[in-house]
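Observations on the three-dimensional arrangement
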Amino acid sequence: MSKRLDENLGSVGYDGLIVANEPVADVFTVTIRKEATAAATYKRGTVMALSASGTAADGKLVILGTTAASNEVLTANCILAEDVEVGTAAGVTALAYRTGHFARNKLIVKDSYALKATDEEELRKAGILLSDAIEY
């Protein structure tokens with residue numbers, strides 16, 4: 001079997017999500033909470049909130065802008081690194097960025113929710129920086 005060095009084997013498209021190489025975009029495994037009523041697909045670049053405090057906290061992630069349960073605090077935590085399908089039967093394991101420098105205008109949150117300054121501060125504390133990026 002011969003291999004050719006003068007052919008393209010594939011390409012990687014630039015989606016504009018990552019703005020800079022510093023801080024390094026570090027990926028880790030997360031668990032996303034199952035959907036209550038219907039399956040959903042979360043796209044790369046979706047901002048996730050962690051259910052980490054309150055008596056109803058379960059340590060799982062939901063899309064930022066989800067209404068917290070009674071006695072639950074949801075805090076902006078990470079950004080999905082890949083598309084993921086979340087069903088109604090069980091939570092799903094996915095890859096997310098825990099650090100990195102991202103384009104604010106490429107981030108996805110729940111419909112009718114706008115990223116707030118407090119969300120950006122929580123992301124910054126986690127090691128995620130946001131910038132306004134202009135597309136050419």
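Quick notes on the rules
Per chain, residues are indexed from 1 in the order of the written sequence. For a predicted model such as this one, the threshold for reporting local features is a pLDDT of at least 70, and the threshold for listing and counting side-chain atom pairs is 80 or more; totals across whole chains, interfaces and linings nevertheless cover every residue. Only hydrogens and water are set aside when side-chain values are computed; all heavy atoms of the structure are taken into account. Strands are runs of DSSP state E lasting at least 2 residues, helices are runs of H or I lasting at least 4, and numbering of each runs from the N terminus. Burial here depends on accessible area, computed with a 1.4 Å probe over protein chains only, as a share of the maximum for the residue type. Under 20% is buried, over 50% is exposed, and the range in between is partly exposed. Note on pairing: two strands pair once DSSP finds at least 2 bridges between them. Salt bridge, as used here: a side-chain nitrogen of Lys or Arg that lies within 4 Å of a carboxyl oxygen of Asp or Glu. Side-chain rings of Phe, Tyr and Trp (the six-membered ring for Trp) are treated as a pair once their centres are within 6.5 Å; stacked means planes under 30 degrees apart, edge-to-face means over 60, and tilted covers the remaining angles. Axis definition: a line fitted to C-alpha atoms, limited for helices to the stretch in contact. Angles are taken between N-to-C directions and run from 0 to 180 degrees.

As a further point, take unusual backbone geometry. The linkage connecting Glu 22 with the following residue, Pro 23, adopts the cis geometry, with an omega of -10°. Mapped onto the fold, Pro 23 is located in the loop between strand 1 (18-20) and strand 2 (27-32). With phi around 70°, Ser 112 is a residue other than glycine that occupies positive phi space. Judged by relative accessible area, Ser 112 falls into the exposed class, the value being 85%.

With burial as the criterion, only one face of strand 2 is covered, namely that bearing Phe 28, Val 30 and Ile 32; the residues Val 27, Thr 29 and Thr 31 on the opposite face remain uncovered. Bridge count between strand 2 and strand 8 (residues 92-97): six bridges; the pairing is antiparallel. Bridge pairing in strand 8 places Val 27 opposite Tyr 97.

So, about the pattern of salt bridges. According to the stated counting rule, one finds nine salt bridges in the structure shown. The shortest N-O distance in the salt bridge between Glu 120 and Arg 104 comes to 2.9 Å. Of this pair, Glu 120 sits in helix 1 (residues 117-126) while Arg 104 sits in the loop between strand 9 (100-103) and helix 1; the two residues are 16 residues apart in sequence, bridging distant segments of the chain. We classify Glu 120 as partly exposed; its relative accessible area is 22%. On the accessibility criterion, Arg 104 (26% relative accessible area) is partly exposed. When salt bridges with common partners are traced through the structure, they connect Arg 33, Asp 58 and Glu 72 into a single cluster.

Let us look at the packing of aromatic side chains. Two aromatic rings are characterised by how far apart their centres lie and by the angle between their planes. Tallied over the full model, the rule gives one aromatic pair. When the centroid spacing of 5.2 Å and the interplanar angle of 50° are considered together, the rings of Tyr 97 and Phe 102 count as tilted. Taking the relative accessible area as the measure of exposure, Tyr 97 reaches 7% and is therefore buried. With a relative accessible area of 0%, Phe 102 lands in the buried category.

One open sheet accounts for three strands, arranged 1-9-10; its pairing is mixed. Only two strands of the sheet have a single partner each, and these edge strands are strand 1 and strand 10 (128-131). Adjacent strand axes in the sheet meet at a mean angle of 45°, parallel and antiparallel pairs treated alike. Where strand 9 meets strand 10, four bridges bridge the pair, whose relative direction is parallel. For Gly 100, the partnering residue across the bridge sits in strand 10 and is Ile 128.

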